[in-house]
Amino acid sequence: MQLNECPLIDADTIHQRIGEMARQIDQVYAGRHPVLLVTLSGAFLFAADLVRQLRTPVQIEFVRAQSYRGTQSATPLQLTGLNTETVVNRHVIVVEDIVDTGRTAHALTEQLQAHNPASIRLCALLDKPARREVSVTADYVGFAIEDHFVVGYGLDYDGLYRQLPAIHVIEA
Ligand code: 5GP
């Protein structure tokens, strides 16, 4: 696998787009205190930058949702670290790095629904609609991309490349 040095999405573009997403979320959640449920590890940089551009007071919680080995999607979803008390009767915004087949977001949403949140919305930095296997529509999307395997800005390939400030395609 080889990293394409030329970014698919550069750091400035990411930063600007996250600002737009933050303003959108601020408008929708004005007067409420939503819970941001950040899925680790891929969404850690996205969430860190998103919350620093939000004006709405938010509670930040983390869960680990694992569904990937290498570039192959694996099921079922393994969800750890969920504090169910932070979901009951709360407005929950799930923060994901990327929606690919949609299986992770679908399974996660189903598990959260069981704890009676006031609402659940999905916020994803990246969306690969061409790869969808389960019907999932993110409410807030940074960028829709084509069917590439991407790394950087929190996303990894076998544990590497998360620290890159931009998003790059990795090729066979
Ligand atoms: P899904 O369940 O939607 O197929 O996949 C969701 C998870 O798969 C993401 O949260 C992410 O961890 C991983 N994933 C999907 N596509 C990519 C990709 O292009 N690059 C990386 N690094 N991870 C991906």
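Everything discussed here concerns the structure shown above.
Figured I'd write up the structure that's included with this text. Just so it is clear, the model here is predicted, and its values are computed rather than measured. (Residues numbered from 1 in each chain as written. Predicted model: local features only at pLDDT ≥ 70, side-chain atom pairs only at ≥ 80, totals over all residues. Heavy atoms only, no water.)

Before going further, it helps to spend a moment on the overall build of the chain. Along its length, the chain carries three helices and nine strands. Going residue by residue from the N terminus, the α and β elements of the chain occur as β-α-β-α-β-β-β-α-β-β-β-β. Projecting the C-alpha coordinates of the chain onto the three principal axes gives extents of approximately 45 × 35 × 25 Å. Residues classed as buried in the chain amount to 44% of the 172 residues present. Partitioning the intrachain contacts of the chain with sequence separation of at least 6 by distance along the chain shows that 70% fall at a separation of at least 24. Accessible surface for the chain amounts to roughly 8800 Å². Of this, 46% is attributable to carbon and sulfur atoms. For the chain, the separation between the mean place of its 14 positive charges and that of its 20 negative charges on side chains is 6 Å. (Helix = DSSP H or I, 4+ residues; strand = E, 2+ residues; numbered from the N terminus. Buried < 20%, exposed > 50% of the residue type's maximum accessible area, 1.4 Å probe, protein only. Contact = heavy atoms within 4.5 Å. Areas by Shrake-Rupley, 256 points an atom, 1.4 Å probe, with all protein chains shown as cover. Lys, Arg positive; Asp, Glu negative; His and termini not counted. Charge placed at Lys NZ, Arg CZ, Asp CG, Glu CD.)

With that settled, the discussion passes to the site of the ligand. Around the ligand, the surrounding shell holds 18 residues, and the nearest of these are D97, T101, T104, V150 and D156. Separating an oxygen atom of the ligand from a side-chain N or O atom of K128 is a distance of 2.8 Å. With the chains in place, 92% of the 510 Å² that the ligand exposes on its own is no longer accessible. Listed by contribution, the elements that provide at least two residues to the shell around the ligand are β3 (59-69), β5 (91-99), α3 (103-113) and β8 (149-151). Considering every element that reaches the shell around the ligand, the biggest residue donor is β5, with four residues. (Near = heavy atom within 4 Å. Polar contact = N/O pair within 3.5 Å; in protein donor to acceptor, adjacent residues only side chain to side chain.)

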